[in-house]
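Spelled out from the first residue to the last, the chains are:
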Amino acid sequence: MSYIKGLKCRECHRHYPKEVLFVCEYCFGSLEVDYDYEAIKKVLTKEKILSRPKNMWRYKELLPLEGEPTDGLNTGFTPLIRANNLAKVLGVKELYIKDDSVNHPTLSFKDRVVAVALSRAKELGFRTVACASTGNLANSVSAQAAMAGLRAYIFIPADLELGKVIASLIYAPTVVAVEGNYDEVNRLCSEIASKYKWAFVNINIRPYYAEGSKTYAYEIAEQLNWRAPLHIVVPSAGGSLITKIWKGLKEFEKLGLIPEVKTKVYCAQGKGSSPIVTAIKENSDIIKPVKPKTIAKSLAIGNPADGYYAKDTVLQSGGWAEEASDEEIVEAIKLLASTEGIFTETAGGVTVAVTKKLIEQKRIPPDESIVISITGNGLKTQEAVYEKLPKPIKIKPTLSSFEEYHRKEQ
Ligand SMILES: *Cc1c(COP(=O)(O)O)cnc(C)c1O
Ligand SMILES: [Zn+2]
């Protein structure tokens, strides 16, 4: 039983069949999946959701498949942590962390979008999948394609962190390191996608892929005992996740699963790669492309595909945006680790640093519910912090050697 009606243009609202399409041929707007919400409302109750396994597919009627899911059966339902230690440092009352740094199988939120993309790619008849990636998407497509027995072509900028390169290579896809930045990789992939019959998860089947991000928001609402938080801070690269978090909350409201959504959504980017933040601050309809320069490489997209919609989402919700410098990112990674025991990657550093700024600026009030979106794992971006940490103490394997050090400490 499928609840997808088809695809719909986000700009002119023209309808399209549920095929391999991603741009409107009339206005060049991007397409998104259109559901039969009336029918979904009849079947998707809280009881139904609660009776299902704790993974992202417990909301499957709101995801764009025609049959049953085949991928990501252990993906999602990551912890929502009440972060009291960090709350104390930031001077706020009710703070949570949605922790996708421990998502299955590749430790980032990208496992959600890839699970949907691969399940749908198979339904559409593809045997080869591909992606243009800033790192985490590469890891997830590599791993999940291996599990699904699909061929995978992975295109990445040549200067990615070693951890992200190895965490793709280990699954034995074809990894292509392009001498250029992400925006150049993406442009190349668009050309390849028009020539080869491959499912580029974030290009030609993007409307289906992007829907997977909604599950991050569904889980937050469920884990907060069926309500939306008042504030949520989201790291942005192409700007898709932030728009889908908002869409997910609004869908839950529409289905009567949560009360009216009053959530303000905030966009976080690295300084040196913040075209969406700039557009929000200037309330500009044009997203001015930049040449990215930040240690938050997973967010280093200078020409974001969904930048315009991300800006719209933030301003519509009454939220705001901020950027974090490289130094602020490193400090924030250390702060999160030392208060909550979570080692996040540079994107998480951006989000924590930006949350801190927004609280200091009084954009986020201290006495309301706040969720920080942690979307990736710190073991993948070790070079960002290694030089900034104290070195281990070296001793001989004797008690006296230890005590010599220990005496000096006291
Ligand atoms: C891809 C990514 C994002 C942002 O995703 P967009 O949907 O492109 O804005 C955020 N955090 C991490 C760790 C990512 O890998
Ligand atoms: Zn259109």
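Residues numbered from 1 in each chain as written. Chains lettered and ligands numbered in written order. Predicted model: local features only at pLDDT ≥ 70, side-chain atom pairs only at ≥ 80, totals over all residues. Heavy atoms only, no water.

**Regarding the packing of aromatic side chains**
Thinking step 1. Per the stated rule, a full pass over the model turns up 11 aromatic pairs.
Thinking step 2. Judged by centre distance (4.1 Å) and plane angle (10°), the ring pair of Y153 and W198 falls under stacked. Linking Y153 in strand β7 (residues 151–157) with W198 in the loop between α7 (182–195) and β9 (199–200), this pair joins segments that are 45 residues apart in sequence.
Thinking step 3. In this structure Y153 comes out as buried when scored by relative accessible area, which is 19%.
Thinking step 4. Judged by relative accessible area, W198 falls into the buried class, the value being 14%.
Thinking step 5. Ring plane angle 10° and centroid distance 4.7 Å describe the contact between Y218 and F252, whose orientation is recorded as stacked. Of the two residues, Y218 sits in helix α9 (residues 214–223) while F252 sits in helix α10 (residues 240–254), which places them 34 residues apart along the sequence.
Thinking step 6. By relative accessible area, Y218 is classed as buried at 0%.
Thinking step 7. Using a relative accessible area of 0% as the deciding quantity, one classes F252 as buried.
Thinking step 8. One aromatic cluster is present, formed by Y153, F155, Y196, W198 and F200 through successive ring pairs. (Phe/Tyr/Trp six-rings, centres within 6.5 Å; stacked < 30°, edge-to-face > 60°. Helix = DSSP H or I, 4+ residues; strand = E, 2+ residues; numbered from the N terminus. Buried < 20%, exposed > 50% of the residue type's maximum accessible area, 1.4 Å probe, protein only.)

**Topic: the site of ligand 1**
Thinking step 1. K110, N136, G238, L241 and T375 are the nearest of the 15 residues found near ligand 1.
Thinking step 2. Interatomic distance of 3.3 Å between a backbone N/O atom of S240 and an oxygen atom of ligand 1.
Thinking step 3. Backbone polar atom of L241 to an oxygen atom of ligand 1: 2.8 Å apart, as the coordinates give it.
Thinking step 4. With the chains in place, 95% of the 380 Å² that ligand 1 exposes on its own is no longer accessible.
Thinking step 5. Residues belonging to the shell around ligand 1 are distributed by class as follows: 6 nonpolar, 7 polar and 2 charged. (Near = heavy atom within 4 Å. Polar contact = N/O pair within 3.5 Å; in protein donor to acceptor, adjacent residues only side chain to side chain. Areas by Shrake-Rupley, 256 points an atom, 1.4 Å probe, with all protein chains shown as cover. Nonpolar A, V, L, I, M, F, W, Y, C, P; charged D, E, K, R; others polar.)

**Concerning the coordination of the zinc ion (ligand 2)**
Thinking step 1. Within the protein, the zinc ion (ligand 2) binds to C9 (SG), C12 (SG), C24 (SG) and C27 (SG); these donor distances fall in the range 2.3 Å.
Thinking step 2. Metal-centred angles of 98 to 119° between the 4 donor atoms at the zinc ion (ligand 2) mark the site as tetrahedral.
Thinking step 3. Look at where the donors of the zinc ion (ligand 2) fall in the sequence and you get C-x2-C-x11-C-x2-C. One end of the pair, C9, is in strand β1 (residues 4–9); the other, C27, is in the loop between β2 (15–16) and β3 (31–35), with 18 residues separating them in the sequence. (Donors = N, O, S within 2.8 Å, 3.2 Å for Na, K, Ca; no water. Tetrahedral: all angles 85-135°; square planar, octahedral: opposite > 155°, others 65-115°.)

**What about the sheet that holds strand β4 (residues 80–82)?**
Thinking step 1. Taken in spatial order, the 6 strands make up an open sheet running β4-β5-β13-β10-β11-β12, and their pairing is mixed. The open sheet terminates on both sides in strands that have one partner only, identified here as β4 and β12 (321–324). Across the sheet, the mean angle separating the axes of adjacent strands is 25° when strand polarity is ignored.
Thinking step 2. Alignment of strand β11 (residues 264–270) against β12, held across 4 bridges, turns out to be parallel. Bridge pairing in β12 places Q269 opposite E323.
Thinking step 3. Each of β4, β5 (94–99), β12 and β13 (369–374) touches helix α13 (residues 326–340); the most contacted strand, β12, lies at about 95° to it. (Pairing = 2+ DSSP bridges. Axes fitted to C-alpha atoms, helices over the stretch in contact; angles between N-to-C directions. Contact = heavy atoms within 4.5 Å.)

**Looking at α9**
Thinking step 1. Counting buried residues along α9, 9 of its 10 residues qualify, which places the element largely inside the surrounding structure.
Thinking step 2. Along α9, the residues classified as buried are K214, T215, Y216, A217, Y218, E219, I220, A221 and E222.
Thinking step 3. Downstream of α9 by one or two residues, N225 has phi in the positive range, about 60°.

**Some words on the side chain of S140**
Thinking step 1. With respect to the secondary-structure elements, S140 resides in helix α5 (residues 136–148).
Thinking step 2. Separated by 2.5 Å, the side chains of S140 and D111 make a polar contact.
Thinking step 3. Those residues within four positions of S140 in sequence are excluded, and the remaining contacts are T106, K110, D111 and V114.

**With respect to the pattern of salt bridges**
Thinking step 1. Under the criterion given, the structure shown has 29 salt bridges.
Thinking step 2. Two residues, K98 and E219, come together in a salt bridge whose shortest N-O distance is 2.8 Å. Here the residue K98 occupies a position in strand β5, and E219 occupies one in helix α9, the gap between them amounting to 121 residues. Residue K98 shares its accessibility class with E219, and that shared class is buried.
Thinking step 3. In this structure, K311 and D285 form a salt bridge, with 2.8 Å as the shortest nitrogen-oxygen distance. Within this pair, whereas K311 is found in helix α12 (residues 307–317), its partner D285 is found in the loop between α11 (275–281) and α12, the two being separated by 26 residues in sequence. (Salt bridge = Lys/Arg side-chain N within 4 Å of Asp/Glu carboxyl O.)

Keep in mind these values describe shape, not function.
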